[in-house]
Amino acid sequence: MLHTGSVTGRSFWQNNARNMQTLKQALETASREVTTGRADNLATHLNGQLRSFGSITHKIQIYDTLSSALAESATRYDVAQSALERASATVGETANSLILITDLTDNGSIAVAADLAKRNFLDIVTTLNGTAGGQYLFSGQAHSTAPLAPGPDILTALGSAASAESTAADVVAAVDTWMAASPGGFGDIAYQGSGTLG
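A quick note: this is a predicted structure, and the numbers were derived from the prediction, not measured.

A.B. asks: Summarise the nonpolar core; cite the residues concerned and give the values.
C.D. replies: Proteins that are soluble and globular tend to have nonpolar side chains buried together. Grouped together as the largest cluster of nonpolar side chains are eight residues: V125, L148, A149, I154, A157, L158, W178 and A190. In terms of residue count, helix α5 (residues 151-162) provides more of this core than any other element does, three residues in total. Those residues in contact with L158 that sit more than four places away from it in its chain are F121, V175 and W178.

Dropping the structure here:
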């Protein structure tokens with residue numbers, strides 16, 4: 001009897017020790033899952049229903065991708081809007097300075113206004129050649145190409161197009177012709193971007 005009792009007692013304590021070890025592991029697992037918010041064994045946790053989990057995970061990945069693209073687009077839009085507002089303000093400043101010239105025989109005033117117009121033109125070209133996220137804003141799908149040629153090159157082409165003209169109206173007409181000319185006009189000489197929106 002004593003021998004049987006000892007074996008039974010030993011088995012009881014061995015089973016109890018195993019049960020305690022299992023309980024300790026289960027407690028550690030539960031504690032880790034509560035702390036991290038992640039199940040150690042997803043298949044067991046979801047009772048084998050992994051298809052729904054995969055679908056949800058895929059939708060979250062799509063959402064994250066779309067959110068990132070939307071944030072990038074919003075940044076590009078904000079930078080582009082700011083560039084257009086700066087260019088518009090510069091055009092307004094130039095127009096106001098030219099309107100203030102009342103005496104077309106005053107070469108000093110004309111020279112000052114012409115210099116301001118040239119500097120502002122170069123500033124506008126630089127502004128329109130701006131980037132956001134390493135991509136040019138106004139180049140259509142050619143994001144890696146500056147949309148406009150360097151400002152001095154454009155001014156040289158405009159000067160050549162209008163060099164033979166002697167009146168303001170003729171200069172305006174020559175510039176309009178150059179802007180619309182193909183080949184040899186704005187689209188060939190000044191604009192370097194893509195004709196397709198990007």
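Next comes the rest of the account.
A.B. asks: Help me get a handle on the environment of I189, residues and values and all.
C.D. replies: Within the fold, I189 resides in helix α7 (residues 186-189). Each C-alpha atom, one on I189 and one on L148, is 8.7 Å from the other, the two residues being 41 residues apart in sequence. I189 has contacts with A149, A157, W178 and G184, leaving out every residue within four places of it along the chain.

A.B. asks: Break down the side chain of R76 for me, citing the residues and quoting the values.
C.D. replies: Residue position: R76 is located in helix α3 (residues 50-99). For the buried residue R76, which engages in no salt bridge, the nearest side chain bearing the opposite charge is E72, 5.6 Å off. Contacts of R76, omitting those with residues within four sequence positions, involve A132, Q135, Y136, L137 and H143.

A.B. asks: Quick one: what's the story with the side chain of S97, residue by residue and with numbers?
C.D. replies: Relative to the helices and strands, S97 is located in helix α3. Looking at S97, the relative accessible area reads 16%, which means it is buried. Residues contacting S97, with those up to four places away along its chain left out, are A113 and L116.

A.B. asks: Which residues make up the layout of surface pockets, and what values go with them?
C.D. replies: Estimated volume of the largest pocket: approximately 1000 Å³. Taken together, 25 residues line the largest pocket, and the ones lying closest to its centre are L98, A117, L155, V171 and V175. Among the elements of the structure, α4 (107-128), α5 and α6 (168-180) are those that each provide at least two residues to the lining of the largest pocket. At nine residues, the largest contribution of residues to the lining of the largest pocket is made by α4. Taken together, the residues of the lining of the largest pocket break down into 23 nonpolar, one polar and one charged.

A.B. asks: Could you give me a rundown of the pattern of salt bridges, with the residues and numbers involved?
C.D. replies: Within this structure, the stated rule accounts for one salt bridge. Note that D115 is salt-bridged to R119, the shortest N-O span being 3.2 Å. With a gap of four residues between them, D115 and R119 both fall in helix α4, about one helical turn apart.

Here is what the cut-offs are and how they apply
For every chain, the first residue of the written sequence is number 1, and numbering continues from 1 onward in sequence order. Given that the model is predicted, a residue must reach a pLDDT of at least 70 before its local features are reported, and side-chain atom pairs must reach 80 or more before they are shown or counted; all residues, however, enter totals for whole chains, interfaces and linings. The basis for every side-chain value is the complete set of heavy atoms in the structure, and neither hydrogens nor water enter the calculation. Throughout this description, the term nonpolar core refers to a set of buried Ala, Val, Leu, Ile, Met, Phe, Trp, Tyr and Cys residues connected via side-chain atoms within 4.5 Å. Type-normalised accessible area, obtained with a 1.4 Å probe on protein chains alone, sets the label of each residue: buried when under 20%, exposed when over 50%, and partly exposed for intermediate values. Strands are runs of DSSP state E lasting at least two residues, helices are runs of H or I lasting at least four, and both sets are numbered from the N terminus onward. Residue contacts follow a heavy-atom distance rule, with two residues in contact if any of their heavy atoms lie within 4.5 Å. Counting rule applied: Lys, Arg positive; Asp, Glu negative; His and chain ends not counted. One speaks of a salt bridge when a side-chain nitrogen belonging to Lys or Arg is within 4 Å of a carboxyl oxygen belonging to Asp or Glu. Space inside and on the surface of the protein is sampled on a 1 Å grid over the protein atoms alone, with a cavity defined as a set of points where a 1.4 Å probe fits but cannot get out and a pocket as an open set with protein on both sides within 12 Å along at least 5 of 7 lines; lining residues have an atom within 4 Å of a point. Grid points are joined across faces, edges and corners, and a volume is the space filled by probe spheres set on the points. Any residue outside Ala, Val, Leu, Ile, Met, Phe, Trp, Tyr, Cys, Pro, Asp, Glu, Lys and Arg is labelled polar, Gly included; the first ten of those are nonpolar and the last four are charged.

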